[in-house]
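Chain by chain, the residues:
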Amino acid sequence: MRESESFESNLAALRRQDLALAQLLESVPLPPAAKPTPTRDGRISFSWGTPDAPQWLGGTSVPSARARGLLDNFQAGSGNVLFIGIGAGTEAAELLARTPHTTALFVIEPDPAAVVMVLRVVDLSAALAAQRLVLMVGEDGWSRLQQFLTANPGFLAPQRVLAWPWLTRDAQHDVASRLTTLAANISAARETPAQRNTASAPRTGQAIAIVSLSPDPQDSHLAAGIAWGVEQLARSAKIFCADAPARMHPAALTQFLSDPALAEAIFLNATAADLAQFTPAPLPVRTWLTPNFPVAADFAARVGDHASIIVSTSAQQDMLISAGVSPRQITLAPPAAHPTPTTRRKPLLVLAPNADDRPESSGLHLTTHLALWNAARQIIAQQAEQLWADDIPAAFAQAEKNSSVRISDPAVRQGLLDRVQNALAPAILRGAFVEILRAAEIDFDLVPTGQLPGSTTAYAAVLQLSLAGEPTCEFLDAIANGAQPTIRTRQGRLPPAIAPYLPTACLTPIASADELIACVRRLANAPTPAAARDHILKYHTWRERLRDVLKKTA
């Protein structure tokens, strides 16, 4: 990205969050002698001074290497981070790349010109737009930070500070003291509004709140689908997902739930009792369990005898009943589609678990465990394109024979088998198809299960790579947006899990990656197939699911 493009992209993002700061930075001139200069590690930065004694933005001519060196020894923790000085900008970009999407970086930078130079050579637009990067520019940066955190109660105060090489011990002590004072001031400022909210005005609206306290994108996707379904039924929906820095402090949830426009709520994976302290006034609550939510033994006691519980799978329904929840309290709402407008079309979408086939990623280090893992890898790889969940126990048993490793402890053996089934096998299945598709030069998007593909992209075909063949929301979304569903078959038989969703005539069965390639090439320039899309739009969108849920749990 050219310097001017980077600056415009960063400013455009900043204008949406802090118009006054964007306008200030637009008017700040560069230092007279500063000019864009190639760095020694292949980037572009700013330098000034003489050729014999140049000075560099952030004090380094190797900004990428310096960023990695600083951050390799920095523990960001689970909270937000503070930089005193923006450095070369690469440090901010590197930290944001290494931390979750719920982490915010606050930067106090007295010199506006330093910020302007960084924004000209480092693309930070995505972080600025999402408020993962928040700039406090000017000599009054500390007071600006306190004002920001007071006005935005969902942000956590920063807990860690990057120790720049030039910060003296006294300077580090001063920053730590200021940070302690800041945290105390923010905590005090947030107590009073939270207490006032507990006595909020009576609820007068009809909106339904959808609340998720998980940063998992799959939960946010479900919340968006539920909200869309509510609105399709001429009801208003408001979403709160703890998936961004602005919604990580409990005060943000209290503020959200105090809205008098809310008449009732759907809590994802939480009960009314779980969130009672954040709910200022009485609010009827339904609990909605996401597909992977484990039902704990005490769940029945937590939900009570009259709560409404929506489950995503029949297995969850059975577990709840076993835990003591009355069947009359439970409503089954399996995955559904959330159609979105699309503006372009690509040949293929592949949905696959983000599994890792490295043994160390599953916590395996013992020699015997590694031998068993590698033996299982060889066996599973031989049948990768026709791999199914019920093949894994036999493959694992054969791996024990081939490696001469026998695990005597049943719990340890089951743990290893679970890792093979949940990590190794899905990764091999995904890798087999991806390698063949790439070799055939098929243009496709590979999206991890639970993450969203490009919201403006339609696909000619969609394939979900799973060991059980069960549809997910993302799979149904793609069909609703016009993709032909391609389904892996086993010896010519479709997986039973697809039957409740689509008639056989709407599906394109495939038994291998080669058959998938032939199908995609046939569909690439063909008109959008309508049968599968029309069926999903008629019977399996969140509109239909919410109609059933609201009727059964009224």
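Each chain carries its own residue numbering, running from 1 in the written order of its sequence. In keeping with the model being predicted, local features are shown solely for residues with a pLDDT of at least 70 and side-chain atom pairs are shown and tallied solely at 80 or more, while totals for entire chains, interfaces and linings include all residues. In computing side-chain values, all of the structure's heavy atoms are included and hydrogens and water are not.

Some thoughts on the overall build of the chain
Stage number 1. A tally of regular secondary structure across the chain gives 19 helices and 18 strands.
Stage number 2. Only C-alpha atoms enter the radius of gyration, while the globule expectation follows 2.2 Å times N to the 0.38, with N the number of residues. Taken against the 2.2 N^0.38 rule, which gives 24 Å for 554 residues, the C-alpha radius of gyration of the chain at 27 Å falls within 12% of a compact globule.
Stage number 3. Across its three principal axes, the chain shows a C-alpha extent of roughly 75 × 60 × 55 Å.
Stage number 4. Here the chain, with 554 residues, has 50% of them falling under the buried criterion.
Stage number 5. What makes two residues a contact is simply this: any of their non-hydrogen atoms within 4.5 Å. In the chain, of all internal contacts separated by at least 6 residues, the share reaching a separation of at least 24 is 67%.
Stage number 6. Areas reported as accessible are Shrake-Rupley estimates using a 1.4 Å probe. Residue values count occlusion only from the protein chains shown. Split by element, the accessible area of the chain, about 25,400 Å² in all, is 53% carbon and sulfur. Strands are runs of DSSP state E lasting at least 2 residues, helices are runs of H or I lasting at least 4, and numbering of each runs from the N terminus. For every residue, the accessible area (1.4 Å probe, protein chains only) is compared with the maximum for its type, and the residue is labelled buried under 20%, exposed over 50%, or partly exposed between those bounds.

Details of the pattern of salt bridges
Stage number 1. For this document, the term salt bridge refers to a Lys or Arg side-chain nitrogen within 4 Å of an Asp or Glu carboxyl oxygen. Considering all chains together, one arrives at 21 salt bridges under this definition.
Stage number 2. Here Asp72 ties to Arg98 by a salt bridge, and the two come within 2.9 Å at their closest N and O atoms. Of this pair, Asp72 sits in helix α3 (residues 63-72) while Arg98 sits in helix α4 (residues 90-98); the two residues are 26 residues apart in sequence, bridging distant segments of the chain.
Stage number 3. Judged by relative accessible area, Asp72 falls into the exposed class, the value being 52%.
Stage number 4. Each of Glu8, Arg15 and Glu26 takes part in salt bridges that share partners, so that together they form one network.

Topic: the packing of aromatic side chains
Stage number 1. In this analysis, rings of Phe, Tyr and Trp, with Trp reduced to its six-membered ring, are considered paired at centre separations within 6.5 Å, and the interplanar angle assigns stacked below 30 degrees, edge-to-face beyond 60, and tilted for intermediate values. In total, this model carries seven aromatic pairs according to the counting rule given.
Stage number 2. Centre to centre, the rings of Phe83 and Trp164 are 5.5 Å apart; their planes meet at 75°, and the pair counts as edge-to-face. Within this pair, whereas Phe83 is found in strand β4 (residues 80-84), its partner Trp164 is found in the loop between β7 (158-161) and α8 (169-197), the two being separated by 81 residues in sequence. An identical accessibility class is assigned to Phe83 and Trp164; each is buried.
Stage number 3. Summarising the aromatic geometry, the rings of Trp164 and Trp166 are spaced 4.9 Å apart at their centres and angled 10° between planes, so their arrangement reads as stacked.
Stage number 4. For Trp164, a relative accessible area of 1% corresponds to the buried category.
Stage number 5. Among the aromatic residues, ring-to-ring pairing joins Phe83, Trp164 and Trp166 into one connected group.
Stage number 6. Note that Arg120 overlies the ring of Phe7, its terminal NZ or CZ placed 4.2 Å from the centroid. Cation placement over rings: the criterion is NZ of Lys or CZ of Arg within 6 Å of the ring centroid and within 35° of the ring normal.

Quick notes on helix α16 (residues 473-480)
An α-helical turn contains 3.6 residues, so any two residues separated by three or four positions project in the same direction.
Stage number 1. α16 sits mainly inside the fold: eight of its eight residues count as buried.
Stage number 2. Every buried residue of α16 is accounted for by Cys473, Glu474, Phe475, Leu476, Asp477, Ala478, Ile479 and Ala480.
Stage number 3. Buried residues along α16 sit against α9 (217-232), β14 (344-352), β16 (457-464), β17 (484-488), α18 (531-539) and α19 (542-552).

Brief notes about the sheet that holds strand β6 (residues 133-137)
Stage number 1. If you trace the four strands from one edge of the open sheet to the other, you get β6-β5-β4-β7, paired in parallel fashion. The sheet is open, and its two edges are formed by β6 and β7, each paired on a single side. Ignoring strand direction, the axes of neighbouring strands in this sheet form an average angle of 25°.
Stage number 2. Of the pairings in the sheet, the one linking β4 to β7 comprises three bridges and is parallel in character. The residue bridging Leu82 from the neighbouring strand is Val161, located in β7. Pairing between strands requires that DSSP locate at least two bridges from one strand to the other. In this analysis, axes come from line fits to C-alpha atoms, helices being fitted only over the stretch in contact, and the angle between any two N-to-C directions falls in the range 0 to 180 degrees.

Digging into the pairing of strand β9 (residues 237-241)
Stage number 1. Here strand β8 (residues 207-212) runs beside β9; their pairing, made up of five bridges, is parallel. Residue pairing across strands places Ile210 opposite Ile239, the latter belonging to β9.
Stage number 2. In this fold, the crossover linking β8 to β9 by way of α9 has right-handed handedness. For crossovers, right-handed means that the path from the first strand over the helix to the second runs clockwise, given strands pointing away from the viewer.

Re the packing of helix α15 (residues 410-439) against helix α17 (residues 513-523)
Stage number 1. Axis separation between α15 and α17 bottoms out at 9 Å; the angle between their running directions is 45°. Taken as axis vectors, α15 and α17 run oblique relative to one another. Remark: the crossing between α15 and α17 carries right-handed chirality. Only Ala513, Asp514, Leu516 and Ile517 of α17 make contact with α15, whose side of the interface consists of Phe433, Ile436 and Leu437.
Stage number 2. Looking at the contact of α15 with α17 residue by residue, the class counts come to six nonpolar, no polar and one charged. For classification purposes, angles smaller than 35 degrees are called roughly parallel, those larger than 145 roughly antiparallel, those between 65 and 115 roughly perpendicular, and all remaining angles oblique. Helix crossings get a hand from a simple test, with the near helix turned counterclockwise from the far one by less than a right angle marking a left-handed crossing and a clockwise turn marking a right-handed one. Residues are grouped as follows: Ala, Val, Leu, Ile, Met, Phe, Trp, Tyr, Cys and Pro are nonpolar; Asp, Glu, Lys and Arg are charged; all remaining types, including Gly, are polar.

Observations concerning the side chain of Thr279
Stage number 1. Here Thr279 is to be found in the loop between β10 (262-268) and β11 (285-288).
Stage number 2. Looking at Thr279, the relative accessible area reads 18%, which means it is buried.
Stage number 3. We call two N or O atoms a polar contact when they sit within 3.5 Å, provided that within protein one can donate a hydrogen and the other can accept it, with sequence-adjacent residues counted only if both atoms are side-chain atoms. A distance of 2.8 Å separates a polar atom in the side chain of Thr279 from the backbone oxygen of Leu275.
Stage number 4. Leaving out residues up to four positions away in the same chain, Thr279 has contacts with Arg203, Leu257 and Phe267.

Re the sheet that holds β14
Stage number 1. Reading across from one edge, β15-β14-β16-β17-β18 is the order of the five strands in this open sheet, with parallel pairing throughout. Across the chains shown, the open sheet's two edge strands, defined by having one partner strand only, are β15 (444-448) and β18 (508-510). Direction aside, neighbouring strands of the sheet carry axes that sit 30° apart on average.
Stage number 2. Where β16 meets β17, three bridges bridge the pair, whose relative direction is parallel.

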